[in-house]
Every structure is written in C-alpha cells, then in structure tokens.
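# Notes for the structure review
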Amino acid sequence: SFGTKTEEETDWSNYVPGDETMPEIVLQRLIEKEENPEHKKLMQAMYRNAEKLGNTRVVVKAGSGYRGYFDVREGVIAVNRTAGEEISDKEQRRVLFHELLHAYLSGVIWDPRTTEELNFVRNMIRAWEKAKKLDPNYKEIHDPKTGLQEFVARIGSEKALREKLKKADIWNTIKRLIRKL
C-alpha cells in the first residue's frame, strides 16, 4: 500500500509494515535504529510500559499537511510520509517518536491515576512553567489548552529545546520523571 518505494522509503517500510500497526512494533523498530542514547532510553522505558499506550494504533498515509498527529479520541497516531515533500527516514522516525510521546503521556497528563502519575504531572507543570520563561516566543508550548502536552512531546523530539532545558538545569529532572512512570 506504499506504492513505488525509493531506496530511502524502503527502509521506512520496516517501521510500519502495512496501513495500521501497533505502537509496540513501531517502538521496537525505533529502538533498533535510534542513535541518540537519551532517546533510546526514553523509547525503552515507553516500550516496557507500553500498556500506557492503550489501544493506540499507528497509521501511515501520504499527502500534504501535518507530518504527524495524535488523535486522542480515536487513539490513532497518523504519520504522513510526505507532507507535500519527501521526508527523510530520520525525520520520519523523529515524527513517530514525537507522536508516540503524545500518545504515551496523554492519559497521564489528562487523567493521572497513581501517585507516580500525579507527581509526574505536578513536576512537569513546574518544568513547563520554567521552560515558557526560557523562550517566550515559542508559541506551541505557550498555548493554555495544549501547551503542556506539546511541551512534553517536543522535549523528546527537539534537540534545541532540550539544549535550552539542559542549560537551565531542567532536563535531568524531566528525564527522571518520564523514566519513573
């Protein structure tokens, strides 16, 4: 269902072997390919706790628009292979990781049920408030409705944001919070 594949796209077919895939399979493939040790540790923690992904499914499609999104109501991560342009395999993996973080943490953020989850949300809100002060022009994390959720997903997928958090001595706290979940 992917149509004609270039050599680079052939590698992508290893990540999502059809129209719909369970996130555990995607995480396994991402872990195998990940070069960044911090990302790999976060992915491994997500894989060990994959039940937090619930019935989430990953769907790959081609077209224009967003590179990926997580629909919390439908439990679907949609990844757009092209988004109007060819996207590298590395960028596709980054998008998948970003959307998997959304899926993984959305239930925790919007409906914390354990002491660990409540602590995660409280401490992540503190980190988010500090991060907003670091970059007042970063509109995606300043949105009062979606900012916390976007902040949490972007910390895993945006190196520039992580670097700012490291300089402000926030990054290690965030890593510990995610690993404890």
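Residues numbered from 1 in each chain as written. Predicted model: local features only at pLDDT ≥ 70, side-chain atom pairs only at ≥ 80, totals over all residues. Heavy atoms only, no water.

On to the packing of helix 2 (residues 23-33) against helix 3 (residues 37-48), then. Close contact between helix 2 and helix 3 brings their axes to 10 Å; oriented N to C, the two are set at 155°. On the basis of their axis angle, the class for helix 2 and helix 3 is roughly antiparallel. By crossing handedness, the relation of helix 2 to helix 3 is classed as left-handed. In contact with Glu24, Leu27, Gln28, Leu30 and Ile31 of helix 2, helix 3 contributes Lys40, Met43, Gln44, Met46 and Tyr47. (Axes fitted to C-alpha atoms, helices over the stretch in contact; angles between N-to-C directions. Helix = DSSP H or I, 4+ residues; strand = E, 2+ residues; numbered from the N terminus. Parallel < 35°, antiparallel > 145°, perpendicular 65-115°, else oblique. Left-handed = near helix turned anticlockwise from the far one by under 90°. Contact = heavy atoms within 4.5 Å.)

This part is about the layout of surface pockets. Taken as a whole, the largest pocket spans an internal volume of roughly 590 Å³. Along the wall of the largest pocket there are 21 residues; nearest its centre are Gly68, His98, Glu99, His102 and Glu150. Residue assignment for the lining of the largest pocket shows that the elements contributing at least two residues are strand 3 (68-71), helix 4 (89-110) and helix 7 (147-157). Considered class by class, the residues forming the lining of the largest pocket number 6 nonpolar, 6 polar and 9 charged. Space inside the second largest pocket adds up to approximately 320 Å³. Around the second largest pocket, the lining is made up of 15 residues, and of these Glu34, Asn36, His39, Lys90 and Arg94 lie nearest the centre. Looking at the lining of the second largest pocket, the elements with two or more residues in it are helix 3, helix 4 and helix 8 (159-167). Ranked by the residues each element gives to the lining of the second largest pocket, the list is headed by helix 4, at 5 residues. Class assignment of the residues belonging to the lining of the second largest pocket gives a composition of 2 nonpolar, 3 polar and 10 charged. (1 Å grid on protein atoms, 1.4 Å probe; cavity = no way out; pocket = protein on both sides within 12 Å on 5 of 7 lines; lining within 4 Å. Points joined across faces, edges and corners; volume = space filled by probe spheres on them. Nonpolar A, V, L, I, M, F, W, Y, C, P; charged D, E, K, R; others polar.)

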